[in-house]
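Single-letter residue listing:
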Amino acid sequence: MTDRVLTGDRPTGPLHLGHYFGTLRNRVELQRQGADMVVIVADYQVLTDRDVAERLRETVDGLLLDYLAAGLDPEATTVFAHSAVPALNQLLLPFLSLVSVPELQRNPTVKDEIQHSRQSSVSGLMFTYPVHQAADILFCKGNLVPVGQDQMPHIEITRTVARRFNERYGPVFPLPEGLLSVAPVLPGTDGRKMSKSRGNAIALSATPDETARLIRGATTDADRHITFDPGLRPGVSGLVQLVALCQDRDPHEVAAEIGDAGAAALKRTATDAVNEFLAPMRERRAAYAKDLGAVREVLRRGNERANELADQTLAEVRAAMGTVY
Ligand code: TRP
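Predicted, not measured: the structure shown is a model, and the values here were computed from it.

K.L.:
Requested: an account of the layout of surface pockets, with residues and values cited.
P.N.:
Taken as a whole, the second largest pocket encloses approximately 180 Å³ of empty space. Lining the second largest pocket are Pro14, His16, Lys196, Gly199, Ala201, Ile202, Ala203, Ser205, Ala206, Glu210 and Leu214. Grouping the amino acids of the lining of the second largest pocket by side-chain chemistry returns 6 nonpolar, 3 polar and 2 charged.

This is the structure:
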């Protein structure tokens, strides 16, 4: 069986360089290698976050543009929204019967999200979305799932659901593997992990001026001699790391080259490096943005293919469960 790669994102806002070096770059590479790649826009899962859910159409358009700008090729990769695939969502019901409430309550990523959410009460979706994510992965029999570390508990639940389903009803699903990205964590402009909510992120859609402004405002320190030492000098090292990633170089070598020229020189170098790196993405984004109809058509075609895959899997599930009437 050839690999089917399933991965995706909640549409929460513009993707940034942390996403690029963390996952998008990987996806483009897998696509280049000819993997059958399915990318999910998790527009139901995002309902766990009320603020974002209000601007979904706009956010999804932006996410599609980010994907296309980053190099996902709609001829090679299927991009779809899980809300548009009824048979995928129907898998949720038998899957929910296969996990216990304590298992759901133990999920460390969900616990963490509940702790950080500003909502006064926890919705049923919050506890059950990892099972919905199992449906996201299993509807197309995805067997490789490139994700970050925080998603590993969800992959575990997916494997549990697949295993229990197969044991109870007969072999239908593969047991998917999580594919952890080996990319170094990219610090944002304050030296902490790059994240939209921290305001330290450089969006893939940032203009050259916005990029320059963000980097000018980055946290550095008083030592003029530039070194790469993430533990002791998170701010300076984050900028060095950024240059290194954009130029595909060793960060120590980048730091040594700047040497005694100080933080101002480092910031100029970083601004130039990022702007040069983002230039082709900006160009692609601008071209696609002129024709939003064509961008939405990419999603429509993706939804169509996802529905075909989901219908087929649901038919197998019904046959296995003995519910074909
Ligand atoms: N939970 C993922 C995130 O928050 C998004 C997601 C939804 C996903 N369904 C998925 C990722 C299936 C991988 C596979 O980023």
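K.L.:
Tell me what's going on with empty space enclosed by the protein, and back it up with residues and numbers.
P.N.:
Vacant regions in the atomic arrangement are exposed by a probe of water-molecule size rolled over the atoms. Here the structure, examined in full by the defined rule, presents 2 cavities of 30 Å³ or more. In this structure, the largest cavity spans a volume of roughly 50 Å³. The wall of the largest cavity is formed by Thr48, Ile114, Ser117, Gln119, Ser121, Val122, Ser123 and Met126. Per-class residue counts for the lining of the largest cavity are 3 nonpolar, 5 polar and no charged. Approximately 40 Å³ is the volume found for the second largest cavity. If you trace the second largest cavity, you find it lined by Leu64, Tyr67, Leu68, Leu72, Asp73, Pro74, Val79 and Val298. Among the elements that make up the lining of the second largest cavity, the one with the highest residue count is helix α3 (residues 56–70) (3 residues).

K.L.:
With reference to specific residues and values, describe the packing of helix α11 (residues 234–247) against helix α13 (residues 262–289).
P.N.:
Look at α11 against α13: their axes get within 9 Å of each other, and the N-to-C directions meet at 35 degrees. In terms of crossing hand, the pair formed by α11 and α13 is left-handed. Residue-level contacts link Val236, Leu239, Val240, Leu242, Val243, Cys246 and Gln247 of α11 to Leu266, Lys267, Thr269, Ala270, Ala273, Val274 and Phe277 of α13. Partitioned by chemical class, the residues of the contact of α11 with α13 number 11 nonpolar, 2 polar and 1 charged.

K.L.:
Hey, could you go over the site of the ligand for me, with residue numbers and the actual values?
P.N.:
The full set close to the ligand counts 13 residues, and Arg10, Gln45, Gln133, Asp136 and Gln151 are the nearest of them. In the environment of the ligand, a nitrogen atom lies 3.0 Å from a nitrogen or oxygen atom belonging to the side chain of Gln133. At 2.7 Å from a nitrogen atom of the ligand is found a side-chain nitrogen or oxygen belonging to Asp136. Here the ligand, which alone exposes 360 Å², has 89% of that area covered by the protein.

K.L.:
I'd like a rundown of the nonpolar core, residues and numbers included.
P.N.:
The biggest cluster of nonpolar side chains holds 57 residues, and the ones touching the most others in it are Leu17 and Tyr67. Looking at this core, the elements with two or more residues in it are α1 (17–32), β2 (36–41), α3, β3 (77–81), α11, α12 (251–258), α13 and α14 (292–321). Broken down by element, this core gets its largest block of residues, 9 residues, from α3. Looking at which domains feed residues into this core, each of domain 1 (4–183 + 292–321) and domain 2 (208–287) supplies at least three. Other than its neighbours up to four places away in sequence, Leu17 contacts Leu186, Met194, Ile202, Leu204, Leu242, Val274, Phe277 and Leu278.

K.L.:
Would you mind going over α1 in detail, with residue names and values included?
P.N.:
Along α1, the largest kink reaches about 45 degrees and is centred on Thr23. Within α1, the full set of buried residues consists of Leu17, Tyr20, Phe21, Gly22, Leu24, Arg27, Leu30 and Gln31.

K.L.:
Pulling in residues and values, what's your account of unusual backbone geometry?
P.N.:
Phi angles above zero are rare outside glycine, and Lys141 is one such case at about 55 degrees. Even without a glycine there, the phi angle at Asp248 is positive, about 55 degrees. Structurally, the position occupied by Asp248 is in the loop between α11 and α12.

K.L.:
Outline the environment of Arg318, supporting the account with residue identities and numerical values.
P.N.:
The topology assignment puts Arg318 in helix α14. In this structure, the C-alpha to C-alpha distance between Arg318 and Tyr169, residues 149 residues apart in sequence, is 9.7 Å. With near-sequence residues (within four places) excluded, Arg318 lies in contact with Gln90, Thr323 and Val324.

K.L.:
So what's going on with the pattern of salt bridges? Residues and values would help.
P.N.:
By the definition in use, this model includes 19 salt bridges. Linking Arg296 and Asp61 is a salt bridge whose minimum nitrogen-to-oxygen distance equals 2.6 Å. Separated by 235 residues along the polypeptide, Arg296 in helix α14 and Asp61 in helix α3 bring together distant segments of the chain. In this structure Asp61 comes out as buried when scored by relative accessible area, which is 8%. With a closest N to O distance of 2.7 Å, Asp221 and Arg233 form a salt bridge. Of this pair, Asp221 sits in the loop between α10 (208–216) and α11 while Arg233 is found in the loop between α10 and α11, placing the two residues 12 residues apart along the sequence. Judged by relative accessible area, Asp221 falls into the partly exposed class, the value being 31%.

Reading the values: the criteria
- Residues numbered from 1 in each chain as written.
- Predicted model: local features only at pLDDT ≥ 70, side-chain atom pairs only at ≥ 80, totals over all residues.
- Heavy atoms only, no water.
- 1 Å grid on protein atoms, 1.4 Å probe; cavity = no way out; pocket = protein on both sides within 12 Å on 5 of 7 lines; lining within 4 Å.
- Points joined across faces, edges and corners; volume = space filled by probe spheres on them.
- Nonpolar A, V, L, I, M, F, W, Y, C, P; charged D, E, K, R; others polar.
- Helix = DSSP H or I, 4+ residues; strand = E, 2+ residues; numbered from the N terminus.
- Axes fitted to C-alpha atoms, helices over the stretch in contact; angles between N-to-C directions.
- Left-handed = near helix turned anticlockwise from the far one by under 90°.
- Contact = heavy atoms within 4.5 Å.
- Near = heavy atom within 4 Å.
- Polar contact = N/O pair within 3.5 Å; in protein donor to acceptor, adjacent residues only side chain to side chain.
- Areas by Shrake-Rupley, 256 points an atom, 1.4 Å probe, with all protein chains shown as cover.
- Core = buried A, V, L, I, M, F, W, Y, C linked by side-chain atoms within 4.5 Å.
- Buried < 20%, exposed > 50% of the residue type's maximum accessible area, 1.4 Å probe, protein only.
- Domains from an automatic or database assignment.
- Bend = angle between axes of the 7 residues up to and from the residue.
- Salt bridge = Lys/Arg side-chain N within 4 Å of Asp/Glu carboxyl O.

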